[in-house]
Amino acid sequence: MKSFEFYNPTKIIFGQGAIAKLAEQLSNKKVLVLYGGGSIKSNGVYDQVMKGLAKCEVVELGGV
């Protein structure tokens with residue numbers, strides 16, 4: 001295996017009101033959004049998250 005360094009600081013915000021905090025935490029960042037079969041779109045969570053990420057560069061990967 002080739003040598004490498006990996007640095008991955010992680011902040012997890014969980015619970016009621018967490019989606020609303022996206023904008024203040026991530027403005028002007030690059031974000032990868034991973035989701036499964038698509039229920040996130042039918043239950044409205046996707047729209048809430050994308051609204052919170054409006055100032056971010058977003059790449060989506062569905063079907064994970």
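Presented here is an overview of the structure given in this document.

Scoring rules and cut-offs
- Residues numbered from 1 in each chain as written.
- Predicted model: local features only at pLDDT ≥ 70, side-chain atom pairs only at ≥ 80, totals over all residues.
- Heavy atoms only, no water.
- Helix = DSSP H or I, 4+ residues; strand = E, 2+ residues; numbered from the N terminus.
- Rg over C-alpha atoms; globule rule 2.2 N^0.38 Å.
- Core = buried A, V, L, I, M, F, W, Y, C linked by side-chain atoms within 4.5 Å.
- Buried < 20%, exposed > 50% of the residue type's maximum accessible area, 1.4 Å probe, protein only.
- Contact = heavy atoms within 4.5 Å.
- Patch = residues over 30% accessible without salt bridge, like charges linked within 9 Å, V, L, I, M, F, W, Y side chains within 5 Å.
- Areas by Shrake-Rupley, 256 points an atom, 1.4 Å probe, with all protein chains shown as cover.
- Salt bridge = Lys/Arg side-chain N within 4 Å of Asp/Glu carboxyl O.
- Phe/Tyr/Trp six-rings, centres within 6.5 Å; stacked < 30°, edge-to-face > 60°.
- Lys NZ or Arg CZ within 6 Å of the ring centre and 35° of its normal.

Observations concerning the overall build of the chain
Here's step 1: The number of helices and strands found in the chain is 3 helices and 2 strands.
Here's step 2: In the chain, the order of α-helices and β-strands from amino to carboxyl end is α-β-α-α-β.
Here's step 3: For 64 residues, the compact-globule estimate of 2.2 N^0.38 gives 11 Å, and the C-alpha radius of gyration of the chain, at 14 Å, exceeds that figure by more than 25%.
Here's step 4: Its C-alpha atoms give the chain principal-axis dimensions of about 45 × 30 × 20 Å.

Quick notes on the nonpolar core
Here's step 1: Grouped together as the largest cluster of nonpolar side chains are 9 residues: Leu22, Val31, Val33, Tyr35, Ile40, Tyr46, Val49, Leu53 and Cys56.
Here's step 2: The set of elements that each furnish at least two residues to this core consists of strand 1 (30-34) and helix 3 (45-52).
Here's step 3: If sequence neighbours within four positions are ignored, Val49 has contacts with Ile19 and Leu22.

Description of a nonpolar patch on the surface
Here's step 1: Taken together, the side chains of Leu32, Leu34, Val59, Leu61 and Val64 make up a nonpolar region of the molecular surface, amounting to roughly 480 Å² of accessible area.
Here's step 2: Elements represented by at least two residues in the nonpolar patch include exactly strand 1 and strand 2 (57-61).
Here's step 3: Judged by its relative accessible area of 43%, Leu61 is partly exposed.

Quick look at the packing of aromatic side chains
In this description, an aromatic ring pair is defined by two values, namely the gap between the centres and the angle between the planes.
Here's step 1: Counted under the stated rule, the structure contains 1 aromatic pair.
Here's step 2: Taken together, a centroid distance of 6.0 Å and an interplanar angle of 70° make the contact between Tyr35 and Tyr46 edge-to-face. One end of the pair, Tyr35, is in the loop between strand 1 and helix 2 (39-42); the other, Tyr46, is in helix 3, with 11 residues separating them in the sequence.
Here's step 3: A relative accessible area of 15% means that Tyr46 is categorised as buried.
Here's step 4: The ring of Tyr46 is capped by Lys41, whose NZ or CZ atom sits 4.8 Å from the centre of that ring.

Read these as geometric descriptors, not functional statements.
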